Amino acid sequence: MESAEQLRAMHGIDEADLDRVREYGQRALGGLGEHLRRFFAWMETTPEYEHFFGDETTLPRVHELLGSYWGAFFEGQIDEGYVAYRRTVGEVHARIGLPLQVFQVAFARAFDLWTEGAGQGADWQGLDAAATVRSMGKLMHLDMALMSGAFVERSGKTIAEQNRWLMAMSTPISVVWEKLLLVPLVGVVDSKRAADVRHAVLKKVGEVQARVAILDIRGIPLVDTAVANHLIKITKATRLMGCESIVSGLSPAVAETIVELGIDVERLMTTATLSDALETALARLGYAVGPVGAVAPGAPALAGARGAGRDG
Amino acid sequence: MGSFDLSNAPIQRFAGVLVVTPPPDLTGEEWLFLRRAMLERYRSEGSKQVVVDLGRVDLIDTEACEQLRRMARSVRVLGGQCALAAVQAAVASALVDLEVDLDGVDAFLSTEEAIDALGGRRA
């Protein structure tokens, strides 16, 4: 990340620019109250105003923050503290969810309000108005670059966090019995999602030393060759770790599609229902499932009371 | 890791089953040495079951995958059985992505389990 010195050089801001900004600032800051009044009068006409600034407690705080913002602007001291301050302003606006375009338009409007009367009135007396506006413009561009950069960076982080949460929510892997995983798959399974699911399932298999994983695909709207290949890859990978996978929840329509597309699912263990898959999985783990009293003598039973399984 | 000679290769025998434990970060050449060492022990000790314990291998490249496939294949060609044990998630993923043909090679969660299973088959 560039230093304050480098940023100044990049934006072509020299001492004369900062002197002009300071000089105008000393005169103009007296009218800060009027500036903010006009700025908020404009803001009220925007569709976002009510949502972001409609709260009575928010408005005085925003007034105060904008006062500090312009105070720092007209101080004309571009150092590391100034850079950090501008980046924080960008980040804060990204965090509250203000659209970047609205944020940029608002600062452009505020800049207009400072400069629209350039050359007229007492504030501009004796100043080179064109040069002063140009110098303020350079500083404003620096501010916008810093604030927008931080804004985009923060938004990117937020999106990445949301994706992680979404992934965690969309693949809730449960250990439903000792060494038995249940992975309900819901929604579209594309290459990225399939890779994420595979990663999550394999990690869980390693963590809990699972012997069987049930991939329940009832919630997948479309099973085509690509989805089937993703499922085959997941099952192959779990098998290499010593964990058999069962794909459950195949609807008759999905079964028909698989046959029509000629997808080779011979090496996939599939069942129509989740209960069939559970029964198969528990049998693999050495348990028999049945009504109380109906389980064969000697078999580890899930009928009312759990017997000692192969792993237990 | 430096090259090792055939006499100190990480191969042990438990209950009549040869257990090969590849160290992490083996080069292709070292995999080749390990395979040769394993085949030598297989021949000299008359073992018919081999377990490759991949518990210490957390990454695997194309060359290592190929050497692993050849290791399993050579045991099968000699009429024996080869199984994988303690395969880590990243390694399992890589083996699938690189389409390494390990059909017919059983895999187990742990080496103990593999020894039990293969030893049982022999009996």
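The structure under discussion appears in the preceding block.
Residues numbered from 1 in each chain as written. Chains lettered and ligands numbered in written order. Predicted model: local features only at pLDDT ≥ 70, side-chain atom pairs only at ≥ 80, totals over all residues. Heavy atoms only, no water.

**A few points about empty space enclosed by the protein**
Residue and element names in this part refer to chain A.
Stage number 1. According to the stated counting rule, one finds one cavity of 30 Å³ or more in the structure shown.
Stage number 2. In this model, the largest cavity occupies a volume close to 50 Å³.
Stage number 3. Looking at the largest cavity, the residues that line it are Ile217, Val223, Ala228, Leu231, Val247, Leu250, Ile258, Val265, Leu268 and Thr270.
Stage number 4. Of the residues contributing to the lining of the largest cavity, the split by class is nine nonpolar, one polar and no charged. (1 Å grid on protein atoms, 1.4 Å probe; cavity = no way out; pocket = protein on both sides within 12 Å on 5 of 7 lines; lining within 4 Å. Points joined across faces, edges and corners; volume = space filled by probe spheres on them. Nonpolar A, V, L, I, M, F, W, Y, C, P; charged D, E, K, R; others polar.)

**As for the sheet that holds strand 3 (residues 49-53) of chain B**
All names here are of chain B.
Stage number 1. What the five strands build is an open sheet, ordered 1-2-3-4-5; its pairing is mixed. At either end of the open sheet lies a strand with only one pairing partner, and these are strand 1 (11-14) and strand 5 (106-108). Neighbour-to-neighbour, the strand axes of the sheet open up by a mean angle of 30°, direction not taken into account.
Stage number 2. Relative to strand 4 (residues 81-85), helix 2 (residues 62-77) is tilted by about 145°, and along the sheet it contacts strand 2 (17-20), strand 3 and strand 4. (Pairing = 2+ DSSP bridges. Helix = DSSP H or I, 4+ residues; strand = E, 2+ residues; numbered from the N terminus. Axes fitted to C-alpha atoms, helices over the stretch in contact; angles between N-to-C directions. Contact = heavy atoms within 4.5 Å.)

**Here's the deal with the layout of surface pockets**
Stage number 1. The calculated volume of the largest pocket comes to roughly 820 Å³.
Stage number 2. Lining the largest pocket are 34 residues, and of these Lys236, Arg239, Leu240, Glu244 and Arg267 of chain A lie nearest its centre.
Stage number 3. Only helix 10 (225-240) of chain A together with helix 3 (89-97), strand 5 and helix 4 (111-122) of chain B provide two or more residues apiece to the lining of the largest pocket.
Stage number 4. Per element, the largest residue contribution to the lining of the largest pocket is six residues, and it comes from helix 10 of chain A.
Stage number 5. Among the residues forming the lining of the largest pocket, the class breakdown is 15 nonpolar, three polar and 16 charged.
Stage number 6. Lining the second largest pocket are 23 residues, and of these Val62, Leu65, Val89, Val92 and His93 of chain A sit closest to its centre.
Stage number 7. When contributions to the lining of the second largest pocket are tallied by element, the ones reaching two or more residues are helix 3 (32-43), helix 4 (49-53), helix 5 (58-75), helix 6 (80-95) and helix 7 (100-115) of chain A.

**Remarks on the pairing of strand 2 of chain B**
Residues and elements named next belong to chain B.
Stage number 1. Side chains Val17 and Val19 project from strand 2 onto one buried face, and the interleaved Leu18 and Val20 project onto a second face that is buried too.
Stage number 2. With four bridges joining them, strand 1 and strand 2 adopt antiparallel strand pairing. Bridging across to strand 2, Ile11 finds its partner in Val20.
Stage number 3. Remark: two residues form the turn of the hairpin made by strand 1 and strand 2, two consecutive strands paired antiparallel; Ala15 in that turn has positive phi of roughly 45°.
Stage number 4. Handedness of the crossover joining strand 2 and strand 3 through helix 1 (residues 28-45) is recorded here as right-handed. (Buried < 20%, exposed > 50% of the residue type's maximum accessible area, 1.4 Å probe, protein only. Right-handed = clockwise from strand over helix to strand, strands pointing away.)

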